Amino acid sequence: MSKLKKNFSLQRVLLLALLFVCLVPLSALAQTIQLTGTVTDTKGESLIGASVLEKGTTNGCITDIEGNFTLTVSPNATMIISYVGYVTQEIALNGQKNIKVALKDDSEMLEEVVVIGYGTMKKSDMTGAISSVDTEELTKRATTNPAEALQGKIAGVNIMKSGGNAGAGVSVKIRGVKSFGSNEPLYIIDGFPGDIDNVNPQDIQSMEVLKDGAAAAIYGSVAANGVVIITTKNGKKGETHIDFNTYVSMTTVANKLDMVNAEQYKSTIKAMFDNYNAQYPEEMETVPAYCTSNTGVNTDWQDLMLRTGLSQNYMFSVRGGSETAQYSVSYNHADDKGIFLGNNFRQDNARMKMHMSKYIFDVDANLSFRYTKSHQPQYNLREMYHSSPLMPVFDENEKYGYALAGSMGLPAANNVMADHHFRQAETKKFYTNANVSVGMKITDYLNFKTSYAYRGTHYRYTQHYPDYTSNSQNPHLYPYSYEGTYYWEEQVIDNVLNFNKEFGKHSVTAMVGSSITATKYTDNGVGVEGKATQYYVDGNGNLASKDEPAGFLDPNFTTIDSGIGGTFSGDGTQYKYNRASFFGRVNYSYAGKYLFQATVRRDGSSKFGSDNRWGTFPSVAVGWRISEEDFFPKEGFVNNLKFRASWGRLGNENALGYYDFQPLISNSNRWEGGYVQGGNAWQGSASWEMENRGLKWETTDTKNIGFDYGMFDNRLTGSINYYINQTEDLLITKRLSPSAGYENPILNVGKIRNNGVELEMNWSDKVKDFEYNIGFNFSTTKNEVVELASKGQALPSTGLLYDTDHVPAYAKEGKPISGFYLYRTDGIFQSDAEAASYVNKDGERLLPNAKAGDIRFVDLNGDGVIDENDKDYCGTGIPKFEANLNFSASYKGFDLSFSMGGAFGHKLYNGNRYFYESMSAPGNHLSSVANAWSPTNTHTDIPRPVYNDPNGNSRESERFLENGSFWRLRQAQIGYTLPKSLLKKLYIEKLRFYVSGDNLFTITGYNGVDPEFSTSSPLNSGIDRYIYPFTRSYTVGAQLTF
Amino acid sequence: MKKLIYIASICSAMMFTSCEDFLTVSSPDKVTTGNFWKSQKEAEATMASVYAQLYHGDSYATSEVRWPVEAFRTDLYNMGTDAINYQTWTDIYKFTYTNGNTQFSYYYQDLYRGINFANQVLEYVPQIPAEGISEAKRNELLAEAHFMRGYYHLMLVLNWKEIIIRDKYLTDVADLNKPLSDRVTCWNFVIEELKAGTALPATRPGTELGRATAGAAQAYLGFAYLTRAYEESSKESEFLSNALTALNAVNGYSLVSGDKLIDMFNGRNKNCEESIFELQYSSDNSNGARYYSWMHNFIAAGEMGGWDEILPNEFLMNEFLKEGKISTTGGYDERAYNTIFWKDEYWNDGTGKIWGYEYDELFSKNRPAFRRFTPRTLDEMGERCNFNIPLMRYVNVLLMKAEVLNKQGHPEQAIPIINDIRRIHGNMPPMTGSTQAEVQTQIEHERIIEFPLESYRWYDLRRWGKLSQQLSQRGFVEGKHNFFPIPLWEVNANPALNNTVTEE
C-alpha cells in the first residue's frame, strides 16, 4: 500500500518540477503600455491597497485611496487583481488601457463549505441535520467558554452552566437525554477530539453541530450524544492582522435563598416545639433555650459570604501568511473573582496554528496550552444556608475564636467563616494539545492524510488546614496537608484516504480511514496529619492506642515535609483505555439534485471483554434539492428547498468503567471489607461485583427527516427537522435487588426514546444602512423510557436526604427518564376535627397523626392506607419545548443585539423548600415559613410548623413541585464601531466598544433561585438542590484590529 | 484489482488481530475472581469481608444503623436531643416509617452483603487445590461460612416476616430476582446453617480471637429454636428440647462480675470468659487499617460531651430500681450502676465517680444516661473508640436456658440459674416466687436489665406477645409493625417478589 503511494508522489514531483522549468522564460519578450484602472467591491466601494500584478512577472502595484492604479505592462498581459477577503480575478487585457474591476466577496462567490467528520463538504450537498453557528455571535458573550456562548443559538441544543462558581464548566445536551452515562457531545477541534473549554471563543473560525445519526455516524461509538466540530482561525495570505479584545465584567447576586432573620427563626422553632408538645403531652420536648433568650445576634450568613464578582479578559492574536504558509498565534488571559469569598479563577491560554504547503504536501500543525488556577470556596454552601442566624461569627471564649453552633445549643452546622479562614486549597491544571498532520495530493481526486494528536491534562491539587474547629461535632485536632496529582493523556493516530471525482453529472466523494486512540491515566496523592499514634497494652492486656500531636513545627506550614513525624497516607492508581476504529463514507450526488450518503464505522473498545468488543455503526442518508428541479417555480418566493432523510446507529460505552467487563477482587483494610481478629487488623478481599455480565455496546438508533429552505431571496433561511432517537441496551447502573449482596453493576438493560421537532429560522435584511437579523429557534423534546430490565422496575434519582432518602423522581417504563412520583395533596386541615374525620371506609384514620394545619394527603388508590403505592406521576423535569429568539441590528457604526430564551411545560422539584421549609427540626429556614399555617393564618398552603413532623408534611409530595417554565433575556448588547476614515489615520482597521448585560430579567412562576440549572445525572433532571445564587453581570469591552 | 482487494483484506485482517492485543487491558491493581482463590490465605481474606458486614459501613454507621433499627422501636429508650434531627430514626421510634426508610434498608442490605461473601467462600473454598489448604482448615472455613450465613439469615428472619433465602453464589443475572420464602422454610434454612456451624472449634487461638466458635453456633441455634417454639406452637415441645440440647452444648464459658462486667462494654475486657460472640474493634491503624468507631460519642449524653442520641427511659429506670436497695452491698442491683448514670447518692458521693465529677456537676437535673459504651476516662471521649459490642453473652445462654426449662414445666430448675446470675452480676439475693408465671416474670425482668443496648428486647417482646401492651400508645399496630416491611429498594429492583410495585 505505502509503496504504491510513494511511486505516485515521485511522479508528481517530477511533473511539477518540469512545469516550473517551462514557465520561467515565457514572459521575457514584449513591448509595454500604460494601464490605468479602478478596483472596487461589488457595491462600488473602492478597495484601497488591492494588489495588481501582471501575470507571470513580479511587475505589480497597489491601489491608492480611491482604488485607482497605474502600471506599465505588456499589451497582451493578463492582470491578476487580488485583495484579502475577495475572490482573485484574472483579466486578459487584449489591448485595453483602462480597466474597471469589481471584486467579489469570498463568501458571496464560494458555496458555503461545511466541516464534517474527516473532511469538508458543500453545504448544498449535505444530507444530515447540521447547524452552523455564526461565529461572530460567539464573541459577544463575556465568557471564556465557547459552549456558553452557544446558548440559545441552535434548536435542539440545550446548554447550561454547571454551577456558577468562577471556573465552573458548561453542560451541553443535544437532542435530549440518551444515556445514563455522560450526555455531553463529542468535540472535534481542528480534526481531533478535544475539550471545548480549552478554546477561546475569539479563536473560532467555524462551529458545526452534527445532530443526527447520519451526520455523526462517522464518529461511531463516540458520537451518540452528537458532535460539535470546531475549526479555529488561521491566517490568510496577505497582510498580518493583529487583534486585541478585552472586557471587564461585574457580577452581582440577582437572586438567592431568602432565609429567616433571628426573630423569625426563634418564633418558628418555638412554634414547632409548642405544636409538638400540645400534640404529645406525654412526650414533652424542651423548647430550646435560644428560642426565648435575647442575644442580639442576627447573622445573615449569605451576606457575609457573598460579594460582587469581577472578571477581566484580555485576548491578543496575530494572524497572517503567504501563498504557501499561514499562521495564527493567540493568547488569552482571564481573571475571575467569584461572588463567594475565596472563589477565584485564572487562566492563560495560548494557541498556535500553522499551515504549510509544498509540492503535493500539506502540513497542518496546532499547538495549544492552557493553564488554570482555581480556588474554590473552602466551606460548604449547604452549611452556610443551614447556619442559624442566632450564631455569631466570632466567640472569644472558643479556642479558635470562632463561634460554634454545638457549644451554643444551636443545631449543628459548620461555622463557614471559620472554614474559610483556616482552610486553603488550590487546583491547578495544565492542558497541552498538539497535533500535526500531513496531507498528500496523490492525484487530483485522491488525497491521503495521516496525523498524530496528543492531549494531556496535568492536574495538581493542594490542601491544607491547621488544627481548628468550625463544628464541635467534628473538630480538626491536628494540622493536615494533602497534595494530589493526576496525569491524563490521549494519543490519536488517524489515517484517511479521500477520493473526490466528478463524472459528468455524477459526483462521487468517498473516504476510508482508521483511527487508533490510546488513553492513559495515573493519579496519586499523599497526605499527612500532624499526629502520631502511640500504642500501649492496657491493664487488661488489650492493645490500646492514643493519638498525640506530631510533626508540623508550625501548624501553618503547608508542605508534605512539614508533617514529618506525623501520620502519612497515600493512594494512587492507573488505568488504560484503548480504542480502534475503521470507517468509510461514500457521497454520491447526481446533477447536484439527488444526494446520497452512506457511512459505516467499526469500533473496538477495551472496556469490553473480547466477545463483545466490536460494534458496527452504519448510517444512510438521502437528500433532494427540490428547488433545482425544472418544475420548481424559479420566480416564486421560495428560492431554495432541500429535503433530507437519514438513519444511523451510534454506539456508546462511556457509562462503563475501564475494567467493568471482568469481576475484580477488592482489597480492604477497613470496616467495609475487613475485620479484626486477635485484636489486630484482618484485611479482607472479596468480589463486590457480579461475574459474567456480558456487557455490550449501548446503541442509539436515530432517524431524522427535514427540510432546508431559503425564501424571499434567501432573506429567510432555515430548516425543519423531526427526529426519533432510540437507545437500546442502555448501560445503566442497575439498582440490584439488595438481597443479591452486590455493588450495583452497570448492565445493558432497557430502551429509551427521544423524539422531537426542531425549527430554525433566520431573517436577514438590509434597508439602506440598517442591517438586521432575527433568528428564532424552537424545539420540542419528548423523552420516554420504553423498557427497563423488568416490568415495574424503578430507577431512583438521588435522594435529597443522605442521597437515598426522600427520592422524588424515578425512571419507570412509559414515562420520561426523570418522572416525579409524588403524593398528591388536597389542602390543609383547618381543624383537628376535620383531620380526625379523614378516614377510610372502615373508619380508620388515613392520617392518624394529623392535626389542624397539617396537609391532607390523598389515598389515591383508595386502598384505605396512604403508603408508597399512592404516589402518582406528576410530570417531569424535562421541558416539553424550548424556544430562543436572537436579534441583532446595525446602523452606521452602531450595533445592538439581544438574545432571549426559555423552556416550557416541565416541572421542577424545589428541594430547597424541602430542606428549609419543612419546619420539622430546628435547622435554618426560608423566610416563607412566616406564612406557615396557624389558627390566625389559615389561608396558606404552607403547613404548620411541628417538631418531628408527625403527619409527614415534608414527605415527597406535590407540595414542593412547581411549574418550571420561564422566559429569560439572556443577553443584551450595544456596540459602537468607529468610522473607518477616522481609524485609517491611526493605522487601525477596526475599533469597536460595547457594553452588555447578562441575565437581565427572567419571567417565571418558579419560586426557587433559578429555573434553569443542570444536574449531574439525567435521573435528577428538574430536582433543584442547586444552591448557587443566581447572578447577573454587566460587561464593558473593546475590540481592536490593526 | 483482484490482487489489490486480496492484499487489502490480508492487511485489514492483520490490523484486526493486532487490535485485539491493543484492546486487551487489565487492571493494574486488582485480580479477577478467576485467578484469586489459590490457597487458605485468600479464603481467610474473604472470610474477613464476611464478618465486615457486621459493621454496617464505617466509623459512624455501626451506631447509626444498629441502634436506630434494633433499639429505637423498643420500650426501653428515649431518643436523645440530637437523634430527633434524623427523620428516619424518629420514624422508627414512632412507627411512622414506610418501606422507604433508609436505616433498616441499610441493615437489610448489609446482612445480604455478608451472605453474598459467605456464598463466595462456600463456592470457592472447595475449589482451592489441595496443596493450598489442609482438609481440616477447608472444613473449618466452610463451617465458619455456614455459621455466618446462618447468623445473617437469622437476623433477617428476626426482623422481617418473610425473607429471600440466598443459598448460592450468584453469577447469573437470571438468579438475581428471587421470591420470598415462607417463614417455616426460612427457619429451617437458618437452623441447618447454624447446625453446620457447630463443627467449628470450641476455642480460637489468640491470633483468631473474635471469630465464631462452636459455642456461638450452639447459642444462636438455641435462640433460634426458642423463638420458633413460641411461633410454631404445634411443635413447641420439640423445639424446646432442641433448644435445650443446643444451649447445654455451650460450654467453657462463665459469668464475670463487678468491673469485669462493665468493662465488657468499654473496651477493657474484650472477648472475656463470658463473651461468646462479639463485634470486634481495634485501634490498630497500621497499614491504613481502620476499625474504630464513635459509638462512645453516640451513646454518651450531651452533658457528658456526647452527641445525645439514646437515653434510658423511665420504664427501664423503674425496672432497674424496682427491687430497691436490697443488694448484698446495700445498694440497688449492681447492674443498674454498671449500666446507667443517674441522680443517685452513689454517683454524688463526693468521690467523682463519673470521670472525676459528681453527677450533679455534669447534669443539671435527673436525666439518666447510659454508662454502657462510654469510656472509663474523659480523655477517651476525644479519641477514636475501639470498644467491642457483645453480641452473645453467656448470661443470655443461661437466661434462655432458664426460659426453656420453665416453659417445659420445670421452674425449679430455672430458679437456681436465675439466682446465679443475680448473685454474680447483680449482688442480689435469690428471687422470690416459685411458680412458672413468677419465674417467667423474673426472667423478663432479668432480661430487661441485662441487655440494654444489646438489641434483644424487640425479639423478646415479640416472642412473649407483649409488643402491643408495651408499645401501642407510641403508634405500634399489631400485625403491621411486628416486622419491618421489605425495603422499597428490594421492591423496586426485584420483580420476583410479587409484591406491590408502584405503577400508574
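Because the structure is a prediction, the values reported are computed rather than measured.

**Student:** Looking at this structure, how should I read the overall build of chain A?
**Tutor:** In terms of regular secondary structure, chain A is built from twelve helices and 56 strands. For chain A, the spread of C-alpha atoms along the principal axes amounts to about 120 × 70 × 60 Å. Within chain A, the proportion of its 1042 residues that are buried is 55%. For chain A, contacts bridging at least 24 residues in sequence account for 69% of all contacts bridging at least 6. Counting every atom, chain A has about 43700 Å² of accessible surface; 55% of that belongs to carbon and sulfur.

**Student:** Which parts of the structure should I look at to understand the sheet that holds strand β48 (residues 872-876) of chain A?
**Tutor:** The strands that make up a sheet are held in pairs by hydrogen bonds between backbone atoms, and each pair lies either parallel or antiparallel. Residue and element names in this part refer to chain A. With antiparallel pairing, four strands are arranged side by side in an open sheet as β43-β44-β45-β48. If you trace the sheet from one side to the other, it starts and ends with β43 (795-796) and β48, each paired once. For strand β45 (residues 819-822) and β48, the ladder comprises three bridges, and the chain directions are antiparallel. Bridged to Leu-822 within β48 is Asp-872.

**Student:** What is the right way to look at the packing of helix α15 (residues 394-407) of chain B against helix α17 (residues 436-450) of chain B in this model?
**Tutor:** To describe two helices that pack against each other, one gives the angle between their axes and the distance between the axes. All names here are of chain B. Two elements in contact, α15 and α17, have axes separated by 10 Å at closest approach and are oriented at 165 degrees. By the angle between their directions, the pair α15 and α17 is classed as roughly antiparallel. Considering how the two elements wind past one another, α15 and α17 form a crossing that is left-handed. Contacts between α15 and α17 involve Val-395, Asn-396, Leu-399, Met-400, Ala-402, Glu-403, Asn-406 and Lys-407 on the former and, on the latter, Gln-436, Val-439, Gln-440, Ile-443, Glu-446, Arg-447 and Glu-450. Residue composition of the contact of α15 with α17, grouped by class: six nonpolar, four polar and five charged.

**Student:** Would you take a moment to explain the pairing of strand β8 (residues 113-116) of chain A for this structure?
**Tutor:** In regular strands, side chains alternate between the two faces of the sheet. Residues and elements named next belong to chain A. Here β8 shows one buried face, formed by Val-114 and Ile-116, and one open face, formed by Val-113 and Val-115. Across four bridges, the pairing between β8 and strand β9 (residues 119-122) is antiparallel. Within the sheet, the bridge partner assigned to Val-113 lies in β9 and is Lys-122. In sequence, β8 turns back onto β9 through a hairpin of two residues, with Tyr-118 there showing a positive phi of about 55 degrees.

**Student:** Could you clarify how one ought to interpret the pattern of salt bridges in this entry?
**Tutor:** Side chains that differ in charge, positive against negative, can pair when their charged atoms come close. Residue and element names in this part refer to chain B. Per the stated rule, a full pass over the model turns up 85 salt bridges over all chains. The salt bridge involving Glu-232 is made with Arg-228; its shortest N-O contact spans 2.7 Å. Among the residues examined, Arg-228 registers a relative accessible area of 2% and is labelled buried. Three or more residues joined by partner-sharing salt bridges are found here, namely Glu-274, Glu-323, Asp-333, Arg-335, Arg-372, Arg-393, Arg-422, Glu-446, Glu-450 and Glu-454.

**Student:** What is the right way to look at the sheet that holds strand β4 (residues 68-73) of chain A in this model?
**Tutor:** Residue and element names in this part refer to chain A. Read across the open sheet, the three strands follow the order β4-β1-β7; overall the sheet is mixed. Edge strands, defined here as strands with exactly one partner in the open sheet, are β4 and β7 (98-103). Shown here is a sheet whose adjacent strand axes are inclined to one another by a mean of 30 degrees, direction ignored. Across six bridges, strand β1 (residues 33-41) lies against β7 in parallel orientation. Bridged to Val-39 within β7 is Val-101.

**Student:** What is the right way to look at the packing of aromatic side chains in this model?
**Tutor:** Geometrically, a pair of aromatic rings is defined through the distance of the ring centres and the angle of the planes. Residues and elements named next belong to chain B. Counted under the stated rule, the structure contains 97 aromatic pairs over all chains. Considering the side-chain rings of Trp-37 and Tyr-124, the 4.2 Å spacing of their centres and the 0 degrees angle between planes classify their relative orientation as stacked. Placement of Trp-37 in the loop between α1 (2-22) and α2 (40-52) and of Tyr-124 in helix α5 (residues 102-124) is noted, with a sequence separation of 87 residues between them. The exposure class of Trp-37 is buried, given its relative accessible area of 9%.

**Student:** Would you explain the confidence of the model for chain A in this entry?
**Tutor:** Interpretation of this model should avoid reading the predicted coordinates in detail wherever pLDDT is low. Residues and elements named next belong to chain A. For chain A, the mean per-residue pLDDT works out to 86, and 94% of the residues sit at or above 70. pLDDT under 50 marks residues 1-10. Its contacts with residues more than four places away, or in other chains, come to five contacts. In this model, residues 13-30 is a region of pLDDT below 50 whose contacts with residues beyond four sequence positions or in other chains number five contacts.

**Student:** Sorry, what's going on with the interface of chain B and chain A here?
**Tutor:** Accessible area lost upon the coming together of the parts is a frequently used measure of interface size. Of the residues lining the interface, 107 residues belong to chain B; the matching set on chain A comes to 98 residues. Carbon and sulfur atoms make up 53% of the surface buried where chain B meets chain A, a total of about 8800 Å² over both sides. Three residues, Leu-23, Val-25 and Tyr-291 of chain B, lead the burial of chain B against chain A; their summed loss comes to 8% of the area buried on that side. Linking chain B with chain A are two salt bridges. The residue Glu-743 of chain A makes a salt bridge to Arg-113 of chain B at a minimum N-O spacing of 3.1 Å. Our count for the contact surface shared by chain B and chain A stands at 40 residue pairs in polar contact (both at pLDDT 80 or more). Sorting the residues of the side of chain B that touches chain A by element identifies α1, α2, α4 (87-93), α5, β2 (275-279) and α20 (488-493) of chain B as the ones contributing at least two each. Looking at the side of chain B that touches chain A element by element, the count peaks at ten residues for α5 of chain B.

**Student:** Teacher, can you tell me more about the pairing of strand β23 (residues 446-465) of chain A here?
**Tutor:** All names here are of chain A. Bridge count between strand β22 (residues 424-441) and β23: 18 bridges; the pairing is antiparallel. Note on β23: the bridge partner recorded for Glu-426 is Thr-462. Between β22 and β23, which follow one another and run antiparallel, lie four residues. As defined by bridge partners, β23 adjoins strand β24 (residues 480-503) across 20 bridges and the pair is classed as antiparallel. The residue of β24 that forms the bridge with Tyr-459 is Tyr-486.

**Student:** Teacher, can you tell me more about a nonpolar patch on the surface here?
**Tutor:** Residue and element names in this part refer to chain A. On the surface, a cluster of nonpolar side chains totalling about 370 Å² of accessible area is made up of Val-329, Met-352, Met-354, Met-356 and Leu-367. Secondary-structure assignment places Met-354 in strand β20 (residues 344-358). Note on Met-354: relative accessible area 31%, which makes it partly exposed.

Conventions adopted
- Residues numbered from 1 in each chain as written.
- Chains lettered and ligands numbered in written order.
- Predicted model: local features only at pLDDT ≥ 70, side-chain atom pairs only at ≥ 80, totals over all residues.
- Heavy atoms only, no water.
- Helix = DSSP H or I, 4+ residues; strand = E, 2+ residues; numbered from the N terminus.
- Buried < 20%, exposed > 50% of the residue type's maximum accessible area, 1.4 Å probe, protein only.
- Contact = heavy atoms within 4.5 Å.
- Areas by Shrake-Rupley, 256 points an atom, 1.4 Å probe, with all protein chains shown as cover.
- Pairing = 2+ DSSP bridges.
- Axes fitted to C-alpha atoms, helices over the stretch in contact; angles between N-to-C directions.
- Parallel < 35°, antiparallel > 145°, perpendicular 65-115°, else oblique.
- Left-handed = near helix turned anticlockwise from the far one by under 90°.
- Nonpolar A, V, L, I, M, F, W, Y, C, P; charged D, E, K, R; others polar.
- Salt bridge = Lys/Arg side-chain N within 4 Å of Asp/Glu carboxyl O.
- Phe/Tyr/Trp six-rings, centres within 6.5 Å; stacked < 30°, edge-to-face > 60°.
- pLDDT = per-residue confidence, 0-100.
- Buried area = accessible area lost by both parts, 1.4 Å probe.
- Polar contact = N/O pair within 3.5 Å; in protein donor to acceptor, adjacent residues only side chain to side chain.
- Patch = residues over 30% accessible without salt bridge, like charges linked within 9 Å, V, L, I, M, F, W, Y side chains within 5 Å.

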